[in-house]
Amino acid sequence: MTKLQLTVPSPLVELRDVERGVRVLLKRDDLIHPELPGNKWRKLKHNLRDAADAGATRLLTFGGAYSNHLLATAAAGHHFGFETVGVVRGEEHLPLNEVLRAAAAHGMTLTYLDRTAYRAKADPDVLDGLRRAWGEFFLIPEGGANAAGVRGCAELVAEIDRPFDVITCAVGTGATLAGIAAGLGPGQRAIGFSALKGGGFLRSDVARFQREAFGHELGEWSVDTGYHFGGFARRSRELDAFVDEFERRHGVRLDWVYEAKMMFGLGDRIRGGEFPEGTTIVAVVAG
Ligand SMILES: *Cc1c(COP(=O)(O)O)cnc(C)c1O
């Protein structure tokens, strides 16, 4: 076990030159830790405590071949003294890509499920098979998206020491949005920008996460599905140009899978004039 240095609370940085008299503050959760950034750390935090309380010595979780969550779980296991098993969607490809290589370097055992079995990964049969293969484990769902993960994300809001009206985040599973929205005060609202195509189901997922974590739905929130740029991990020349331009203007290189889509969508909506002059918006850069 090595000592873990986390930058929490994460810094809040104001963007210059925002149009229409709106103020935008970046919540730099990407700076929390290089391998446990932002919402991946927040979602794991209470899961790790629950695993320790349950006396577990092994964590098992799921992810795609480029999953930041798999890497974060591997790093957390290494730092907090858990064995880790990462169940990867699809077939094994050798040599490992850089994400899986880094996960393996932290001692994560990698195993693979074909796409059909992967879709059924929450079924008791599949989990029994994994228990037979790898022994008892504490299960963390894909993306760290469970009630403990949602509660960890709610803590982000209390770190913001300036008044704000709107908070935005990118949406994959919706666990981060569910948590953030639950932490809001009166008059504040959250907007999640979906990184997936056809993310209409996200609205019911976010509501379900809130019920599981807090017993009922909380806060004022919405999901914007208009800025997925063709779907998850799809990009376009326009999006790439936006990432470069944002870096040039603000000195922050946005992750294009999630954060660039959120910032693009937010900029578009600011220019559209929807936010009155004087509105303060916190944009969460989760990784
Ligand atoms: C995982 C991830 C997300 C998605 O978070 P969800 O809680 O699954 O919605 C957003 N941004 C970044 C940078 C991520 O790594």
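Residues numbered from 1 in each chain as written. Predicted model: local features only at pLDDT ≥ 70, side-chain atom pairs only at ≥ 80, totals over all residues. Heavy atoms only, no water.

**Notes on the packing of aromatic side chains**
The description of two aromatic rings rests on the distance between their centres and on the angle between their planes. The condition that has to hold: Stacked, tilted and edge-to-face are the three classes applied to pairs of Phe, Tyr and Trp rings, where Trp contributes its six-membered ring and a pair requires centres within 6.5 Å; stacked means planes under 30 degrees apart, edge-to-face means over 60, and tilted covers the rest. Under the DSSP-based scheme used, a helix requires at least four consecutive residues in state H or I and a strand at least two consecutive residues in state E, with every element numbered from the N terminus. Working definition: with a 1.4 Å probe on protein chains only, accessible area under 20% of the residue-type maximum means buried, over 50% means exposed, and in between means partly exposed.
Scanning all chains against the criterion turns up eight aromatic pairs. On the basis of an interplanar angle of 70° and a centroid distance of 5.3 Å, the ring pair of phenylalanine 242 and phenylalanine 264 is categorised as edge-to-face. One end of the pair, phenylalanine 242, is in helix 9 (residues 237–250); the other, phenylalanine 264, is in helix 10 (residues 259–271), with 22 residues separating them in the sequence. Neither residue differs from the other here; phenylalanine 242 and phenylalanine 264 are each classed as buried. These aromatic residues form a ring-pair network of at least three members: Phe193, Tyr227, Phe229, Phe242, Phe246 and Phe264.

**Re helix 7 (residues 175–182)**
Among the eight residues that make up helix 7, eight are buried, leaving the element largely enclosed by the rest of the structure. All of the buried residues along helix 7 are Ala175, Thr176, Leu177, Ala178, Gly179, Ile180, Ala181 and Ala182.

**Observations regarding the pairing of strand 10 (residues 280–285)**
Applicable threshold: Two strands qualify as a pair provided that DSSP identifies no fewer than 2 bridges between them.
Of all six residues in strand 10, six are buried, a share of seventy percent or more. Of the two faces of strand 10, the one lined by Thr280, Val282 and Val284 and the one lined by Ile281, Ala283 and Val285 are each fully buried. Relative to strand 10, strand 2 (residues 23–28) is paired through six bridges, and the arrangement is parallel. Bridge assignment links arginine 23 to a residue of strand 10, and that residue is threonine 280. Relative to strand 10, strand 7 (residues 166–171) is paired through three bridges, and the arrangement is parallel. Across the sheet, isoleucine 167 pairs through a bridge with valine 282, a residue of strand 10.

**Examining the sheet that holds strand 2**
Heads up, the rule is: Inter-axis angles, ranging from 0 to 180 degrees, are taken between N-to-C directions of lines fitted to C-alpha atoms, where helices are fitted over the stretch in contact.
Strand order in the open sheet formed by six strands is 1-2-10-7-8-9, and the pairing between neighbours is mixed. Each end of this open sheet is capped by a strand with a single partner; those strands are strand 1 (12–14) and strand 9 (220–224). Recorded for the sheet is a direction-independent mean angle of 25° between the axes of neighbouring strands. In terms of strand pairing, strand 1 meets strand 2 through three bridges, oriented antiparallel. Bridge pairing in strand 2 links leucine 12 to lysine 27.

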